[in-house]
2 protein chains.
Amino acid sequence: MKVTIKDVAKYAGVGVGTVSRVLNHGSVKETTRHKVEAAIKKLNYQPNTYARGLKANRTNTIALIIPTIWHPFFSEFAYYIEKYATAMGVKLFLCNANHNSEKEYEYIQMVKRNKVDGIIGITYSNIDQYLSSHLPFVSIDRHFSEDVVYVTADNEAGGRIAVQELIKRGCQSVCFIGGYQQIPNETKKRRQAFERTCQEQAISYSILDLEEPILDLDKQLTSFFLSQPEIDGVFAINDTMALDVITCLKKLNKSVPEDVQVIGFDGQKISEHADYLVSSIVQPIDQMAKMAVQRLTEIIDGKQVVKRTVLPVKFVPGDTTLFVQT
Amino acid sequence: MKVTIKDVAKYAGVGVGTVSRVLNHGSVKETTRHKVEAAIKKLNYQPNTYARGLKANRTNTIALIIPTIWHPFFSEFAYYIEKYATAMGVKLFLCNANHNSEKEYEYIQMVKRNKVDGIIGITYSNIDQYLSSHLPFVSIDRHFSEDVVYVTADNEAGGRIAVQELIKRGCQSVCFIGGYQQIPNETKKRRQAFERTCQEQAISYSILDLEEPILDLDKQLTSFFLSQPEIDGVFAINDTMALDVITCLKKLNKSVPEDVQVIGFDGQKISEHADYLVSSIVQPIDQMAKMAVQRLTEIIDGKQVVKRTVLPVKFVPGDTTLFVQT
DNA sequence: CTGTTAGCGCCTTCAG
DNA sequence: CTGAAGGCGCTAACAG
């Protein structure tokens, strides 16, 4: 039933060592090699990964930990991670962590159990404690306290650009609408940069920053906008929030973008060939994924690695901001 | 550096067999077990997956092959597959096949190489040839010629229900709009049932079924609707198509659902907490995933398996059909 | 109950 | 250049 290297050797009339040699770094006589190759084909031999891994101590497998794959931002990210991993001959485990740090810990253990070589993670739970500089781990959008390698978009520039674009389009009174969690992460810079830029540009602004999980978002948005009717420009922390804001504004009979302009963050598309949902500060997800895989590979190979990789964002106008000549 | 079962045994002052026993089905004296557990903790011992797999010949790993994770239907499906796999203690490889049958074949090879125990696949390429009844494989939405196990939604009922719901809402002239590929799959039944039901109900209908990849869909839709202005009900093969249809209709100054009602298929949501995009025949994705994992597990365990699993669909009204009293 | 031992399939010396 | 033999870490069968 199960054909092993031994069967091949017997069939080819050689020793197992010889078969192994043609399989790997072959310095084998031409005729012998042919015999062996014929046997391999004939018997449909497949080397057993386990036996190999037991010696080699390398799996060519990485894990991707994200909150949930069922969200366009993460599914796009996962798409590219898988793409670049495959390009490097690496297989990918998928883990929806859902803020479940146990599940994340489980994968960290897998590294130690020789089941995966490393991990790429977008995680908002307290796994700091398990992360050591020894563990091959690349963090996305979050800078852990220790010297963990991370890749992120330029959230700071994003916040600045958002304000500039709103001003350029005639906004007089802008606001930032976001949600946050206790766990620090790079996205907080979106708000910081927004505030700083508003001050620099001397534009009137306000902030609605809610702690997640957000209860009754719609109600909070409604009362916020009712209390500040002068607002004509919104920078939302992400596109999902932007969509919620838009829904709320419409209910309040404000039209977007005529009365209020909205800029989101992320550049979400529901699928590869779809359009962007809103005007947005677009993250270079493809590049982020590429760099993440590359950095992780470097770590696994024991190379020297750049700890911090920041990639540029850009503003992409959509239906939720006014058109301006450039 | 790397701590093995031997180290634990030595440290605990017992034999390796004993350690193995506490690790697995332990019938060990309480005091001995404590000693061993202490040693395991002290040394931070992690069993090596490879060595285990080498014996057990089982990886507790499956692969999911889908066209692309970057699409709400597939990402939702993957979400649930991962969920149920995890619940059973099984890890999941993700593979975006993109109609790339080589990549699919690669994973099939992995089964033989003992790298995965089995595969769940939504695939539209010609991998029939590689599939044997020996290979642990569960197909979604596609019935391969051989006796391959598959799980599908009740596409037939879906087509029927769509027609009934349109008629119930007063439609006089309906149409089916779809795309197809040479490869046969279960979704073709949507059209078949649509046609049959229209005939039974004696309602006037037409069909626009385009071969994929569809070039210039918008143009084709436009000319179709212009040539058939009497159409007041559309059944689209999936929600994506439904959205395209709606966009087109709006351009033609037809309002949805007042002038034309549209029903899609799938019940796509862009993420877990979002709404359905359109009125739709909703597939029980959660259940499909659950059954797929269950069936695959049965195959792997060598149990007798039901070849064909068909799960019920239901109509969920949204913004693209008129409201009716029920 | 528990220590010892024989492989699982493969790779890598080590002699020939 | 090639066959034989040891061992990777673990489990299971076999004696104690």
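Conventions used here
Residues numbered from 1 in each chain as written. Chains lettered and ligands numbered in written order. Predicted model: local features only at pLDDT ≥ 70, side-chain atom pairs only at ≥ 80, totals over all residues. Heavy atoms only, no water. Near = heavy atom within 4 Å. Polar contact = N/O pair within 3.5 Å; in protein donor to acceptor, adjacent residues only side chain to side chain. Domains from an automatic or database assignment. Helix = DSSP H or I, 4+ residues; strand = E, 2+ residues; numbered from the N terminus. Expected span 1.5 Å × (residues − 1). Buried < 20%, exposed > 50% of the residue type's maximum accessible area, 1.4 Å probe, protein only. Lys, Arg positive; Asp, Glu negative; His and termini not counted. Salt bridge = Lys/Arg side-chain N within 4 Å of Asp/Glu carboxyl O. Contact = heavy atoms within 4.5 Å. Nonpolar A, V, L, I, M, F, W, Y, C, P; charged D, E, K, R; others polar. Buried area = accessible area lost by both parts, 1.4 Å probe. Pairing = 2+ DSSP bridges. Axes fitted to C-alpha atoms, helices over the stretch in contact; angles between N-to-C directions.

Considering the protein's contact with DNA strand D
Moving on, step 1. What surrounds DNA strand D is a group of 24 residues, the closest being A:T18, A:T32, B:I5, B:Y45 and B:R52.
Moving on, step 2. Of everything in DNA strand D that lies within 4 Å of the protein, sugar and phosphate atoms constitute 65%.
Moving on, step 3. A:K29 has a polar backbone atom sitting 3.0 Å from a phosphate oxygen of DNA strand D.
Moving on, step 4. The contact in question runs from a phosphate oxygen of DNA strand D to an N or O atom on the backbone of B:I5, over 2.4 Å.

Topic: the domain arrangement of chain A
It is common to give the size of an interface as the accessible area lost on bringing the parts into contact.
Moving on, step 1. Here chain A is described as being made up of domain 1 (5-47), domain 2 (61-153 + 285-313) and domain 3 (155-283).
Moving on, step 2. Distance between the C-alpha centres of domain 1 of chain A and domain 2 of chain A: 38 Å.

Things to note about helix α7 (residues 155-168) of chain B
In an α-helix, one turn spans 3.6 residues, which is why side chains three or four residues apart end up on the same side.
Residues and elements named next belong to chain B.
Moving on, step 1. With 14 residues, α7 should cover 20 Å at 1.5 Å per step; its first-to-last C-alpha distance of 20 Å lies within 8% of that length.
Moving on, step 2. Burial in α7 covers these residues: N155, A157, G158, G159, I161, A162, V163, E165 and L166.
Moving on, step 3. Positive backbone phi, approximately 90°, marks G170, located one or two places after α7.

Focus: the side chain of A:K269
Moving on, step 1. Residue placement: A:K269 occurs in the loop between β9 (261-266) and β10 (280-282).
Moving on, step 2. Summary of buried charges: A:K269 has no salt-bridge partner, and the nearest side chain of opposite charge, A:E76, is 6.1 Å away.
Moving on, step 3. If sequence neighbours within four positions are ignored, A:K269 has contacts with A:P72, A:A274, A:D275, A:Y276 and B:W70.

What about unusual backbone geometry?
Moving on, step 1. Cis geometry is adopted by the peptide bond preceding A:P257, which originates at A:V256 and carries an omega value of 10°.
Moving on, step 2. Cis geometry marks the peptide bond from B:E212 to B:P213; its omega dihedral reads 0°.
Moving on, step 3. Within the element layout of this structure, B:P213 appears in the loop between β7 (204-211) and α9 (217-227).
Moving on, step 4. Its identity as a non-glycine residue notwithstanding, A:D141 has a phi of 65°, on the positive side.
Moving on, step 5. Secondary-structure assignment places A:D141 in the loop between β4 (137-140) and β5 (149-153).
Moving on, step 6. The phi dihedral of B:N98 is positive, around 50°, even though this residue is not glycine.
Moving on, step 7. Relative to the elements of secondary structure, B:N98 occurs in the loop between β2 (91-96) and α6 (101-112).
Moving on, step 8. On the basis of relative accessible area, B:N98 is assigned to the partly exposed category, the value being 36%.

Comments concerning the protein's contact with DNA strand C
Moving on, step 1. Neighbouring residues of DNA strand C: 27 residues in total, closest A:I5, A:Y45, A:R52, B:T18 and B:T32.
Moving on, step 2. Within 4 Å of the protein, the atoms of DNA strand C are drawn from sugar and phosphate moieties in a proportion of 59%.
Moving on, step 3. The separation between a phosphate oxygen of DNA strand C and a polar side-chain atom of A:S20 is 3.3 Å.
Moving on, step 4. At 2.7 Å from a phosphate oxygen of DNA strand C is found a side-chain nitrogen or oxygen belonging to A:R52.
Moving on, step 5. Residue assignment for the surface near DNA strand C shows that the elements contributing at least two residues are α2 (16-23) and α4 (49-56) of chain A together with α2 (16-23) and α4 (49-56) of chain B.
Moving on, step 6. Residues of the surface near DNA strand C, tallied by class, amount to nine nonpolar, twelve polar and six charged.

Topic: the interface of chain A and chain B
Moving on, step 1. Listed by partner, the interface residues are 47 residues for chain A and 47 residues for chain B.
Moving on, step 2. Here chain A packs against chain B, burying approximately 4600 Å² in sum over the two surfaces, 58% of which is carbon and sulfur.
Moving on, step 3. Summed over the three residues of chain A that lose the most area to chain B, namely A:Y50, A:W70 and A:K91, the buried surface amounts to 21% of that side.
Moving on, step 4. Taken together, the connections running from chain A to chain B amount to four salt bridges.
Moving on, step 5. A:E82 is the salt-bridge partner of B:K103, the closest N and O atoms lying 3.0 Å from each other.
Moving on, step 6. Across the contact surface, chain A and chain B share 18 residue pairs in polar contact (both at pLDDT 80 or more).
Moving on, step 7. When residues of the side of chain A that touches chain B are traced back to their parent elements, those giving at least two are α4, α5 (72-87), β2 (91-96) and α6 (101-112) of chain A.
Moving on, step 8. Looking at which element gives the most residues to the side of chain A that touches chain B, the answer is α5(A), with eight residues.
Moving on, step 9. When its residues are assigned to classes, the side of chain A that touches chain B shows 17 nonpolar, 18 polar and twelve charged.

Quick look at the sheet that holds β9(A)
Residue and element names in this part refer to chain A.
Moving on, step 1. With mixed pairing, the six strands of this open sheet are ordered in space as β7-β6-β8-β9-β10-β12. Sheet topology places β7 (204-211) and β12 (314-316) at the edges, where each strand pairs with a single neighbour. Ignoring strand direction, the axes of neighbouring strands in this sheet form an average angle of 25°.
Moving on, step 2. In the sheet, strand β6 (residues 173-180) pairs with strand β8 (residues 233-236) via four bridges, with the strands oriented parallel. The partner of C175 across the bridge, within β8, is V234.
Moving on, step 3. In the packing of helix α8 (residues 188-200) onto the sheet, contacts are made with β6, β7, β8 and β9, and the angle to β7 comes to roughly 165°.

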